[in-house]
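# Understanding the architecture of this molecule
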Amino acid sequence: MPNYWLFKSEPSSFSLEDLKHRPNATEHWDGVRNYQARNFLRDEVQVGDLVLFYHSNIAEPAVVGIAEVVRAGYPDFTAFDPESHYFDPKSNPEKPAWFMVDVKFVRELPRPVTLSELKTVPELSGMALLNRSRLSIQPVRKEEWDLILKLAAV
């Protein structure tokens, strides 16, 4: 049985549409620079897990699609590249500080489920998104997953 996650991305940096148009509709999820989110990527996110793709830092943040994890955590090579926006001089291939996973586009939601709408659903009041909104990788309980897909008319 898969685990469920919510991954946040600013659509101006990387959108669901971007993922959809990558070769094989697959891309690495790089640039995570929060230790708790890194730990999820390194230790808990597994192949076959499902992801709610969430567009953040826009006028109306929303869950917009679904992706699947197709490669479990491995060192984030962008941390080793001095030309990368995500470069971290303290990280190196022998002792990586940061990790990433590969995700594959599954589908767009029939309709986005906005953050403001999620906040109105009492059954979602314990959801990580509504309590630790800055964390870019968050676990989602199966009941939350099912309810969000119902709200999205899936």
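Note: the structure precedes this text.
As the structure is a computational prediction, the values presented were derived from the model and not from experiment.

Glancing now at the pairing of strand β1 (residues 4-9). By the criterion of burial, β1 is predominantly enclosed, with six of the six residues buried. Alignment of β1 against strand β3 (residues 50-55), held across six bridges, turns out to be parallel. Across the sheet, the residue bridging to Y4 is L50, located in β3. Here β1 runs beside strand β6 (residues 137-140); their pairing, made up of four bridges, is antiparallel. Bridged to F7 within β6 is I137.

Looking now at the sheet that holds strand β5 (residues 99-114). Taken together, the six strands give an open sheet; going across it, the order is β2-β5-β4-β3-β1-β6, and neighbouring strands pair in mixed fashion. The sheet is open, and its two borders are formed by β2 (26-29) and β6, each paired with just one other strand. Across this sheet, the average inter-strand angle for adjacent strands is 40°, counted without regard to direction. The sheet contact formed by β3 and strand β4 (residues 62-75) spans six bridges and is antiparallel.

Buried within helix α5 (residues 142-151) are the following residues: E144, W145, I148 and L149. Seen from one end, α5 has its buried residues packed into an arc of 130°, which puts them on one side. Away from the buried face of α5 by more than 90 degrees, exposed residues E143 and K150 are located. Elements that come into contact with the buried residues of α5 comprise β1, β3, β4, β5, α3 (115-118) and β6. Once α5 ends, the next one or two residues include A153, with phi positive near 70°.

About the criteria used
Residues numbered from 1 in each chain as written. Predicted model: local features only at pLDDT ≥ 70, side-chain atom pairs only at ≥ 80, totals over all residues. Heavy atoms only, no water. Buried < 20%, exposed > 50% of the residue type's maximum accessible area, 1.4 Å probe, protein only. Helix = DSSP H or I, 4+ residues; strand = E, 2+ residues; numbered from the N terminus. Pairing = 2+ DSSP bridges. Axes fitted to C-alpha atoms, helices over the stretch in contact; angles between N-to-C directions. Arc of directions from axis to C-beta. Contact = heavy atoms within 4.5 Å.

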